[in-house]
Amino acid sequence: AVSRSPSIVVCSASIQSPYKLKEINDTLLYNGDQLRLARRDHQTKEGTLKDRKRTEIEVYFDSIALNESDVEEVEIVGDQKFLTLHDAEKAKSGEAFATNTSVKSVKMTHLGLQDDFAQMFGDAIANNTTIERV
């Protein structure tokens with residue numbers, strides 16, 4: 001009965017069967033996701049939905065893109081905060097260098113960068129004359 005209920009999001013029970021336990025856990029996760037989506041939809045309709053707070057690494061690349069910081073060298077090697085970014089945000093970080101006039105050196109390794117990042121970064125440095133070393 002628990003695994004068929006669309007409204008239960010928390011369940012405290014001793015279940016012996018691993019199959020039943022997985023089935024109940026999957027149902028609870030699904031119900032929780034549905035509840036979260038319903039709340040988000042309601043907040044959107046009411047106009048009370050807040051944007052998520054940008055992470056420290058996103059703010060760093062935003063400041064590079066807006067040319068706000070006097071950063072001359074960007075060195076990010078295997079940074080865990082960068083690795084947690086979605087692929088779209090990683091690609092967007094490559095684009096940040098297009099308008100920057102203070103960065104002269106960029107070293108970004110062991111970050112699992114994809115083709116989207118490479119394309120945007122390549123387009124950015126093609127127009128940027130201040131970057132001397134990559």
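The notes below deal with the structure included here. (Residues numbered from 1 in each chain as written. Predicted model: local features only at pLDDT ≥ 70, side-chain atom pairs only at ≥ 80, totals over all residues. Heavy atoms only, no water.)

1. Some remarks on the packing of helix α4 (residues 87–95) against helix α5 (residues 115–127)
In step 1: Running from N to C, α4 and α5 cross one another at 15°; their axes reach a closest spacing of 7 Å. As summarised for this structure, α4 and α5 are arranged roughly parallel, according to the angle between their axes. In the crossing of α4 with α5, the sense of the turn from one axis to the other is right-handed. Here K90, A91, K92, S93, G94 and E95 of α4 lie close against α5, whose contacting residues are D116, F117, M120, F121 and A124. (Axes fitted to C-alpha atoms, helices over the stretch in contact; angles between N-to-C directions. Helix = DSSP H or I, 4+ residues; strand = E, 2+ residues; numbered from the N terminus. Parallel < 35°, antiparallel > 145°, perpendicular 65-115°, else oblique. Left-handed = near helix turned anticlockwise from the far one by under 90°. Contact = heavy atoms within 4.5 Å.)

2. Here we look at the side chain of E58
In step 1: As for its placement among the helices and strands, E58 is situated in helix α2 (residues 56–65).
In step 2: Judged by relative accessible area, E58 falls into the buried class, the value being 3%.
In step 3: Engagement of the side chain of E58 in a polar contact is seen with the side chain of R52, the distance being 2.8 Å.
In step 4: Apart from the residues within four sequence positions on either side, E58 is in contact with R52, L85 and E89. (Buried < 20%, exposed > 50% of the residue type's maximum accessible area, 1.4 Å probe, protein only. Polar contact = N/O pair within 3.5 Å; in protein donor to acceptor, adjacent residues only side chain to side chain.)

3. Structural notes on the packing of aromatic side chains
In step 1: A complete count under the given rule lists 5 aromatic pairs for this structure.
In step 2: Between Y60 and F61, the aromatic rings sit 5.6 Å apart at their centres with planes inclined by 75°, giving edge-to-face as the arrangement.
In step 3: Overall, Y60 belongs to the partly exposed group, its relative accessible area being 26%.
In step 4: Judged by centre distance (6.2 Å) and plane angle (80°), the ring pair of F61 and F97 falls under edge-to-face. (Phe/Tyr/Trp six-rings, centres within 6.5 Å; stacked < 30°, edge-to-face > 60°.)

4. Some points on the nonpolar core
In step 1: Among the nonpolar cores identified, the biggest contains 18 residues, and F61, I76, F82, F97 and M108 are the most heavily contacted of them.
In step 2: Dropping the residues within four chain positions of it, F82 is found in contact with I57, F61, I76, K90, S93, M108, L111 and L113. (Core = buried A, V, L, I, M, F, W, Y, C linked by side-chain atoms within 4.5 Å.)

5. A few points about the environment of R54
In step 1: Its place among the elements puts R54 in the loop between α1 (18–46) and α2.
In step 2: Here the alpha-carbon distance between R54 and I131, two residues 77 residues apart in the chain, equals 26 Å.
In step 3: The contacts of R54, once residues within four sequence positions are left out, are V59, D62, E89 and K92.
In step 4: A polar atom in the side chain of R54 sits 2.8 Å from the side chain of D62.

Honestly, it's all geometry; don't read function into it.
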